[in-house]
Every structure is written in structure tokens, then in C-alpha cells.
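# Notes for the structure review
If you want the building blocks of each chain, they are given just below.
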Amino acid sequence: MVQKFLSYFIPISIKKFNSEISKSLEVTWNNGELVLDSKNTNYSYGSLQRILRKGLKFIGFERIKNFENILVLGVAGGSVIKTLVDEVKFSGKITGVEIDTKVVEIANNYFGLNKIPNCKIVVDDAFEFVLKTKEKYDLIIIDVFQDTTMPNFLFEDFFINRINFLLNINGFILFNTMVITKNDEIRNQLYKTKFDKNYSLRMYPKVETHNELFTIKKLS
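For the structure given in this document, a descriptive report is provided here.

Analysis parameters
Residues numbered from 1 in each chain as written. Predicted model: local features only at pLDDT ≥ 70, side-chain atom pairs only at ≥ 80, totals over all residues. Heavy atoms only, no water. Phe/Tyr/Trp six-rings, centres within 6.5 Å; stacked < 30°, edge-to-face > 60°. Helix = DSSP H or I, 4+ residues; strand = E, 2+ residues; numbered from the N terminus. Buried < 20%, exposed > 50% of the residue type's maximum accessible area, 1.4 Å probe, protein only. Lys NZ or Arg CZ within 6 Å of the ring centre and 35° of its normal. Arc of directions from axis to C-beta. Contact = heavy atoms within 4.5 Å.

## A short note on the packing of aromatic side chains
Inspection of every chain in the model, using the stated rule, returns 13 aromatic pairs. Seen in terms of ring centroids, phenylalanine 127 and phenylalanine 153 are 5.4 Å apart; in terms of plane orientation they differ by 65°. Their pairing is edge-to-face. Within this pair, whereas phenylalanine 127 is found in helix 6 (residues 126–132), its partner phenylalanine 153 is found in the loop between strand 8 (137–142) and helix 7 (157–166), the two being separated by 26 residues in sequence. A centroid spacing of 5.8 Å and a plane angle of 80° characterise the contact between phenylalanine 155 and tyrosine 191, whose relative ring orientation is edge-to-face. Here phenylalanine 155, found in the loop between strand 8 and helix 7, pairs with tyrosine 191, found in helix 8 (residues 182–192); they are 36 residues apart in sequence, far enough to count as distant. For the residue pair phenylalanine 155 and tyrosine 191, the accessibility class agrees, reading buried in each case. Here lysine 136 stacks its cationic end above the ring of phenylalanine 165, 4.4 Å away from the centre of that ring.

Below, the structure written as C-alpha cells:
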């Protein structure tokens, strides 16, 4: 494909979309990969897939393969779900929660997300979903952004406690955060203090230029 070849030299725009929630979205060939970008950042595949793949590697592919139930908050184009299925070879249940119907439409049409048999996509707000779900999970991936902005609720006690309740013992949280300002650094340092001795928390700074990852294991 000519566009794919040329993308190693310069990004090739395929199509632009407008969304009430995500505003500007664009599917692009970049370095031989089809990626989904918002106005100011990569939304799926590209650097974001590299970031979350590293997080999954920190937890361990073999460990994840033995999990039964995974929740993904913030699906975008579905790159982390593709990593789970294609690379980790996870065959258990995946529930993806995405607030933006336009993003889900793009994920299905351009990235084949609807062709993954063990994945169910729910169009809902992440906060609302975790309040309603009756299931428990072995891995909860939190990757919720609006462009470069992270909603405040992700760092508030009520949401953190609810996520912890939904997590099985010996399960993991993988939380992707964006650190651009000094306030973001302070916010992440405060977040670390929210977990007591019943959890094992690790922070991985500068996974990419502006991303910090947390992996949090529930011990008891």
C-alpha cells in the first residue's frame, strides 16, 4: 500500500471526524501503522499502544493470560484490547467502556474492534459504569482522556475506592496518566498515598514523554 509506505516519511491523513465529546479525531497512517489521534495527542495505536504494552509487560503477559475478566475504561481505537488478544493471547472476557459513540464507530470501521469475539464494548461514562457493574475483575485498565485532559474523578477517593472494590485479590490496576504540568506531578504524588498496605503500587515515570504509568496489585 502506497500510503503505508509513504507514512514512514510523513504522516498520511486518511479521514478526519468531528465528535461532540472528543471534538477533533483523525485516522492517520504513521510509521507504517494506522493510528487514531485527537487534536493534541495519540488516542490509539502508535505511542499509546507502546505505553500500555509496557504496562502489561510490567504486570506480566503470562500472569495476565491466566486472568478471567478484564475491564478497560477508555477504549478509543481499542489498541490495548488488540494487544491483550493478539500478543498476550488473553482468551477470557474483556469489557471495554467508551463514552464516545463516534470513537466506537471509528474503532469498528478502521481497527476491527467489533471482530474480537471475547470483547464487549459498552457505551457509557466510566464513572457511571463502575457504579453500576456487579462484576469483579482481575485487571482494570484505566486510560480515560479527553484529548490531553484527565477527568478529576479518576483521582478522587470515591472512584478509587470503588475501583478497588471491583478488583479481585491478586488482581491489578493499570493506570495511564498524563503529566504535563507541575500540578499533574503533585496530583500523581498524592494519588500514590491513596493505597495502604493492602496494595503494592509501582509508578513508572516517563514511559513516553508525558506519560506515567501506575501498576497496583491488590494483596488482600
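## Thoughts on helix 8
Asp184, Arg187, Asn188 and Tyr191 are the residues of helix 8 that are buried. Along the axis of helix 8, the buried positions cluster into a sector of 95°, meaning they face one direction only. Seen from the open side of helix 8, the exposed residues pointing more than 90 degrees away from its buried face are Lys182 and Asn183. For helix 8, the secondary structure elements touched by its buried residues are helix 7, strand 9 (167–178) and strand 11 (211–218).

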